[in-house]
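# Breakdown of the fold
Spelled out from the first residue to the last, the chains are:
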Amino acid sequence: MDPASAIPYGRKTQRAPALQEVHILWITAGLGCDGDSVSITAATQPSIEDVLLGAIPGLPKVHLHNPVLAYENGDEFLAPFHAAARGELDNFVLVVEGSIPNEKINREGYWAAMGTDPKTQEPITIPQWLDRLTPRALAVVGAGTCATYGGIHAMQGNPTGCMGLADYLGWNWKSVAGLPIVNVPGCPVQPDNFMETLLYLLYQLAGLAPMIPLDGALRPKWLFQRTVHDGCDRAGSYEQGLFAKEYGTPNCIVKLGCWGPVVNCNVPKRGWINGVGGCPNVGGICIGCTMPGFPDKFMPFMEQPPGAVLSSNLIRSYGGLIRSLRKLTNSTLNEEPKWRHNRSRLTTGYSR
Ligand code: SF4
Ligand code: SF4
């Protein structure tokens, strides 16, 4: 049999990606809690397993180097990081988790480090890793609010002077491939938000998608353009002036501390895992954990946001009227039309 004819005709739809293989070097050793690494194991669209096993054809083969999930240990785990720093690995994406400590304020010692420098036998700090790896990375991705904007560790009064990736590298920083820093905030990052962004970057590296669209805070636009309130299913209560006075009611919780109307996040619309869970949609105030101003600009969390006083009072003034008008209409819509009966005369209005 002719070997060429043994190849299915449908193979014509397959194209080799522009980049055959990609390494994802994931540093979890910033000032962080590894919550984002844990979070992405809950993703389903795509799952981490889908990406690693190449469930979507036509994309680069992915080699993930994340210490929470790696088979390798110790020096063996660190080998690709050292190889990349020496310039021996040029096809890698760097993911950073945790805030970047300010090591300039240390006289000796270090705030956070990963591995040991073979030459000096000193721990390699996170800024040193960034200095070695970012000039060679195809893309640099911040996973979670700490890596993106500093987050909870960069709170007022912290001793480390820590910051996010763009504060360290510069907001106009570009990779060798021309990509800006890609920020995927969230504390932790919503599982599918991160995996979707990673998937987009794989499409882009494969040559199958245009430049990733980011907003002014370097967040993927399709995920962070809208507010929490835009996607909250309690917004109907808000609009009708129904505000909860205590936790546990199905009404809008703005008066209990929800910052949803001014926070960019899709969690209530998307749910947490497989559409289940979230924040204000299921009764937990939005504390603005995706925002560059988090947490200081939102504290104390359980007090009503200042802007909410005015807007909720205004809405309350007409919400009651709208509610009673809707109730009236609703009760008529809950009644069937009068021609649906089993009497012997047709009353639908039909005529021959
Ligand atoms: S609970 Fe928060 S996000 Fe939801 S409607 Fe009320 S203010 Fe908006
Ligand atoms: S809804 Fe608010 S608290 Fe919940 S993940 Fe989004 S920003 Fe964070």
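What counts, and where the lines are drawn
Residues numbered from 1 in each chain as written. Chains lettered and ligands numbered in written order. Predicted model: local features only at pLDDT ≥ 70, side-chain atom pairs only at ≥ 80, totals over all residues. Heavy atoms only, no water. Helix = DSSP H or I, 4+ residues; strand = E, 2+ residues; numbered from the N terminus. Rg over C-alpha atoms; globule rule 2.2 N^0.38 Å. Buried < 20%, exposed > 50% of the residue type's maximum accessible area, 1.4 Å probe, protein only. Contact = heavy atoms within 4.5 Å. Areas by Shrake-Rupley, 256 points an atom, 1.4 Å probe, with all protein chains shown as cover. UniProt positions renumbered as here; feature names shortened; annotations may be inferred. Core = buried A, V, L, I, M, F, W, Y, C linked by side-chain atoms within 4.5 Å. Pairing = 2+ DSSP bridges. Axes fitted to C-alpha atoms, helices over the stretch in contact; angles between N-to-C directions. Domains from an automatic or database assignment. Buried area = accessible area lost by both parts, 1.4 Å probe. Arc of directions from axis to C-beta. Polar contact = N/O pair within 3.5 Å; in protein donor to acceptor, adjacent residues only side chain to side chain.

On to the overall build of the protein chain. Within the protein chain one finds 11 helices and 7 strands. By the compact-globule yardstick of 20 Å for 352 residues, the protein chain is too spread out, its C-alpha radius of gyration being 26 Å. Dimensions of the protein chain, computed from the C-alpha atoms along their principal axes, are close to 95 × 75 × 35 Å. For the protein chain, with 352 residues in total, the buried portion stands at 45%. By sequence separation, contacts in the protein chain at least 24 residues apart represent 73% of the contacts at least 6 residues apart. Just so you have it, the protein chain exposes about 18900 Å², and 55% of that area is on carbon and sulfur atoms.

This part covers the UniProt feature "binding site: [4Fe-4S] cluster 1" (unreviewed entry) in the protein chain. Under the local residue numbering, the UniProt record ascribes the feature "binding site: [4Fe-4S] cluster 1" (unreviewed entry) to Cys33, Cys146 and Cys187. With the annotated positions falling across 155 residues, the maximum pairwise C-alpha distance of 10.0 Å places them together in a single cluster. Position of Cys33 relative to the elements: it lies in the loop between β1 (21–27) and α1 (35–40). Looking at the secondary structure, you find Cys187 in the loop between β7 (182–184) and α7 (191–205). Owing to a relative accessible area of 36%, Cys187 belongs among the partly exposed residues under this scheme. When sequence neighbours within four positions are dropped, the list of residues in contact with Cys187 reads Thr145, Cys289 and Phe294.

Moving on to the nonpolar core. Ile27, Phe81, Leu94, Ile126, Trp129, Leu133 and Phe194 are the most contacted members of the largest nonpolar core, which has 66 residues in total. Contacts of Leu133, omitting those with residues within four sequence positions, involve Ile27, Phe81, Ala84, Ala85, Phe92 and Leu94. Formed by 14 residues, the second largest nonpolar core is a distinct cluster that contains Cys258, Trp259, Phe294 and Phe298.

Turning our attention to the UniProt feature "domain: NADH:ubiquinone oxidoreductase-like 20kDa subunit" (unreviewed entry) in the protein chain. On the UniProt side, "domain: NADH:ubiquinone oxidoreductase-like 20kDa subunit" (unreviewed entry) is annotated at positions that read residues 33–201 here. Helix makes up 31% of residues 33–201 and strand 15%. Its end C-alpha atoms lie 25 Å apart.

Quick look at the sheet that holds strand β2 (residues 61–65) now. The strand order across the open sheet formed by 5 strands is β2-β1-β3-β6-β7, and the pairing between neighbours is parallel. For this open sheet the edge positions go to β2 and β7, each flanked by a neighbour on one side alone. When strand polarity is set aside, the average angle formed by the axes of neighbouring strands in this sheet is 20°. Here β1 runs beside β2; their pairing, made up of 5 bridges, is parallel. When the sheet's bridge partners are listed, Glu21 is paired in β2 with Lys61. Lying over the sheet, helix α4 (residues 126–133) contacts β1 and β3 (92–97), oriented at roughly 160° with respect to β3. Across the sheet, α7 lies against β1, β2, β3, β6 (139–143) and β7, angled at about 160° from β7, the strand it touches most.

One can find Asp36 in helix α1. Excluding residues within four positions of it along the chain, Asp36 makes contact with Glu97, Ala143, Gly144, Gly186, Pro188 and Val189.

Take the domain arrangement of the protein chain next. With domains assigned, the protein chain is organised as domain 1 (17–206) and domain 2 (226–332). One C-alpha centre belongs to domain 1, the other to domain 2, and the line joining them spans 34 Å. With 21 residues of domain 1 at the contact, the number on the domain 2 side is 15 residues. Roughly 1400 Å² is buried in total at the junction of domain 1 and domain 2, and carbon and sulfur atoms are behind 56% of that figure. It is Tyr149, Met155 and Gln190 in domain 1 that bury the most area against domain 2; as a group they hold 31% of the surface buried on that side.

On to the environment of Ser39, then. When you line up the elements, Ser39 lands in helix α1. Here the alpha-carbon distance between Ser39 and Asp192, two residues 153 residues apart in the chain, equals 9.1 Å. Setting aside chain neighbours within four positions, we find Ser39 in contact with Pro188, Val189, Gln190, Pro191 and Trp272.

This part covers α4. The set of residues buried in α4 consists of Ile126, Pro127, Trp129, Leu130 and Leu133. Angularly, the buried residues of α4 cover 160° about the axis, an arc narrow enough to put them on a single face. Looking at the buried side of α4, the elements it contacts are β1, α3 (74–85), β3, β4 (113–116), β5 (123–125) and α6 (165–169).

With that settled, consider the side chain of Asp117. By the element assignment, Asp117 lies in the loop between β4 and β5. For Asp117, a relative accessible area of 13% gives the class buried. At 2.9 Å, the side chain of Asp117 forms a polar contact with the backbone nitrogen of Lys119. In this structure, Asp117 is in contact with Glu122, Ile124 and Arg132, ignoring residues within four places of it in sequence.

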